[in-house]
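# Geometric and topological summary
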Amino acid sequence: MSRLKVAVVGCGGAATGHALALANLADFEIVALVDPSERNLASFRTRVPAVADVPAYDDVEAMYDAGVEVEALTVVTPHTLHHPIVLGAIKRNLHVLCEKPLTCDPAHAREIESAAATAGVTVMVRYQRRFDPAYRYMREVIASGGLGELRSIMVSVGQRWLTNTKGTWRQDPALSGGGMLMDSGSHLADMLLWLVGKPVETVSALVDNAGSPVDINTAATVSFAGGVQGQLHVVGDLATTWMENVAVSGTNGLLRYEADPQHPWRTGRVVHYRDGELVQPVNLPEPPEIHEALLATIRGEAVNEAPPAAGIAVAELSEAIYRSAGQGGARVSVR
Ligand SMILES: NC(=O)c1ccc[n+]([C@@H]2O[C@H](COP(=O)([O-])OP(=O)(O)OC[C@H]3O[C@@H](n4cnc5c(N)ncnc54)[C@H](O)[C@@H]3O)[C@@H](O)[C@H]2O)c1
């Protein structure tokens, strides 16, 4: 089978991981880079030597105009640019792996879902925790009734975000669409929704911008169908690098996830209690690499594990959080 021809759109920090992964996988070929910043492109080529000779364009339209043969995009740009770039790709029958959040506006995410279904192309959101063995273990225990009746869930994420992102697009609402909630908070919002697996009914939230034009700290109470209570805490002015904690409680069990503050990526530890007894999670299945998962979905060999619906649900929750906070924490319906 021929290699999937991919263009990397947005060649900054996060695109490095995408391109290094793609360059190491036999089934992919990076055929174009897109970024308006010459400086960022030059630095990207030094971080990813495999793309040294790949042609670059300052805009997706310039790449299309040049007639580049491309089959898929990885979209790794500031948040509010995701919607027009992803929609434009779908209209050209291209597949997309889009960084989180899929869009900032729920209506935009719904538009993408519908356009992708019409075009018959795959759009996957890069919610990599869905491909993390510890989180997958937790979801499997919950979905198979291993906690009994699900009662409560708390998810929290913290980062030294306020100081680390000062002066960048991340604190410019026109490009970011929001603050820490739209950024790392998006991952934990997705985990909250994915682990519970039930519709959200109401949200009550407080947001503190801590002097920034965008949200820094968020505390949201989320109620789900079936009486499950959820808490989402996003801390953007953490005094250390990282914090990530999850606790899920059911009528006969408890699951806890805790990340190492210095090495957050895929080092999370899961602790599982069943009827008061510690259960050792064994043989955690090794999930597919996310670009390989994209390809398997495109080829019809796998279901899309992070479809546009995930982006819609997070965008709806985020919109409800901002709406509630704007009303002093009033309890609001989602959607
Ligand atoms: N999944 C994760 O864990 C994770 C981690 C970090 C960032 N991200 C996501 O990756 C995306 C980019 O974040 P980043 O940290 O790489 O930011 P960044 O600022 O390092 O890189 C963004 C790049 O996009 C480029 N760009 C701006 N406008 C563009 C346009 N119209 N077309 C093409 N490129 C354009 C910029 O020049 C820059 O090089 C965001 O969606 C962010 O949320 C995800």
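All of these numbers come straight from a predicted model, not from anything done at the bench.

## Focus: the domain arrangement of the protein chain
Quite often, the size of an interface is put as the accessible area lost when its parts meet. One can read the domain layout of the protein chain as domain 1 (4–128) and domain 2 (129–286 + 307–333). Averaged C-alpha coordinates put domain 1 and domain 2 at centres separated by 26 Å. With 20 residues of domain 1 at the contact, the number on the domain 2 side is 27 residues. Across the interface of domain 1 and domain 2, roughly 1,900 Å² is buried in total on both sides, 64% from carbon and sulfur atoms. On the domain 1 side of the contact with domain 2, His 79, Tyr 127 and Gln 128 bury the most area, a combined 36% of that side's loss. Scanning the region where domain 1 abuts domain 2 turns up 2 salt bridges. A salt bridge links Lys 100 to Asp 183, with the nearest nitrogen and oxygen atoms 2.8 Å apart. At the junction of domain 1 with domain 2, the criterion picks out 12 residue pairs in polar contact (both at pLDDT 80 or more). For the side of domain 1 that touches domain 2, the secondary-structure elements that each account for two or more residues are α5 (106–119) and β6 (123–125). Partitioned by chemical class, the residues of the side of domain 1 that touches domain 2 number 11 nonpolar, 4 polar and 5 charged.

## Here we look at the packing of aromatic side chains
As enumerated under the stated definition, the model contains 1 aromatic pair in all. When the centroid spacing of 4.2 Å and the interplanar angle of 25° are considered together, the rings of Tyr 135 and Tyr 257 count as stacked. In this pair, Tyr 135 sits in helix α6 (residues 133–143) while Tyr 257 sits in strand β12 (residues 253–258), placing the two residues 122 residues apart along the sequence. For the pair shown, Tyr 135 and Tyr 257 are each scored as buried.

## A look at the sheet that holds strand β3 (residues 56–57)
Hydrogen bonds between backbone groups are what pair the strands of a sheet, and the pairing can be parallel or antiparallel. Ordered in space as β3-β2-β1-β4-β5-β6, the 6 strands form an open sheet in which the pairing is parallel. Since the sheet does not close on itself, it has two edges, and those belong to β3 and β6, each with one partner. Sheet topology places strand β1 (residues 4–9) next to strand β2 (residues 28–34); 6 bridges connect them, and they run parallel. Bridge pairing in β2 places Leu 4 opposite Phe 28.

## Focus: the UniProt feature "domain: GFO/IDH/MocA-like oxidoreductase" (unreviewed entry) in the protein chain
Those places that UniProt annotates as "domain: GFO/IDH/MocA-like oxidoreductase" (unreviewed entry) correspond, in this numbering, to residues 135–255. Overall, residues 135–255 shows 25% helix and 43% strand. The separation of its end C-alpha atoms is 10 Å.

## Quick notes on the pattern of salt bridges
On inspection of all chains with the given rule, the structure shows 11 salt bridges. The closest approach of N and O atoms between Asp 190 and Arg 130, which form a salt bridge, is 2.7 Å. Of the two residues, Asp 190 is situated in helix α9 (residues 184–196) and Arg 130 in the loop between β6 and α6; the sequence distance between them amounts to 60 residues. Neither residue differs from the other here; Asp 190 and Arg 130 are each classed as buried. Ionic pairing is found between Arg 256 and Glu 258, a salt bridge with its closest N-O pair at 3.2 Å. Accessibility expressed as a relative area gives 32% for Arg 256, which makes it partly exposed.

## Re the sheet that holds strand β11 (residues 237–250)
Spatial ordering of the open sheet is given by β14-β13-β12-β11-β7-β10-β9-β8-β15, a layout of 9 strands whose pairing is mixed. On the outer flanks of this sheet lie β14 (277–279) and β15 (332–333), each paired with one strand and no other. Relative to strand β13 (residues 269–274), β12 runs antiparallel, the two sharing 6 bridges. Bridge pairing in β13 links Tyr 257 to Val 270. Sitting on the sheet, α9 touches β7 (150–160), β8 (200–208), β9 (217–224), β10 (229–235) and β11, and the angle it makes with β7 is about 165°.

What counts as what
- Residues numbered from 1 in each chain as written.
- Predicted model: local features only at pLDDT ≥ 70, side-chain atom pairs only at ≥ 80, totals over all residues.
- Heavy atoms only, no water.
- Domains from an automatic or database assignment.
- Contact = heavy atoms within 4.5 Å.
- Buried area = accessible area lost by both parts, 1.4 Å probe.
- Salt bridge = Lys/Arg side-chain N within 4 Å of Asp/Glu carboxyl O.
- Polar contact = N/O pair within 3.5 Å; in protein donor to acceptor, adjacent residues only side chain to side chain.
- Helix = DSSP H or I, 4+ residues; strand = E, 2+ residues; numbered from the N terminus.
- Nonpolar A, V, L, I, M, F, W, Y, C, P; charged D, E, K, R; others polar.
- Phe/Tyr/Trp six-rings, centres within 6.5 Å; stacked < 30°, edge-to-face > 60°.
- Buried < 20%, exposed > 50% of the residue type's maximum accessible area, 1.4 Å probe, protein only.
- Pairing = 2+ DSSP bridges.
- UniProt positions renumbered as here; feature names shortened; annotations may be inferred.
- Axes fitted to C-alpha atoms, helices over the stretch in contact; angles between N-to-C directions.

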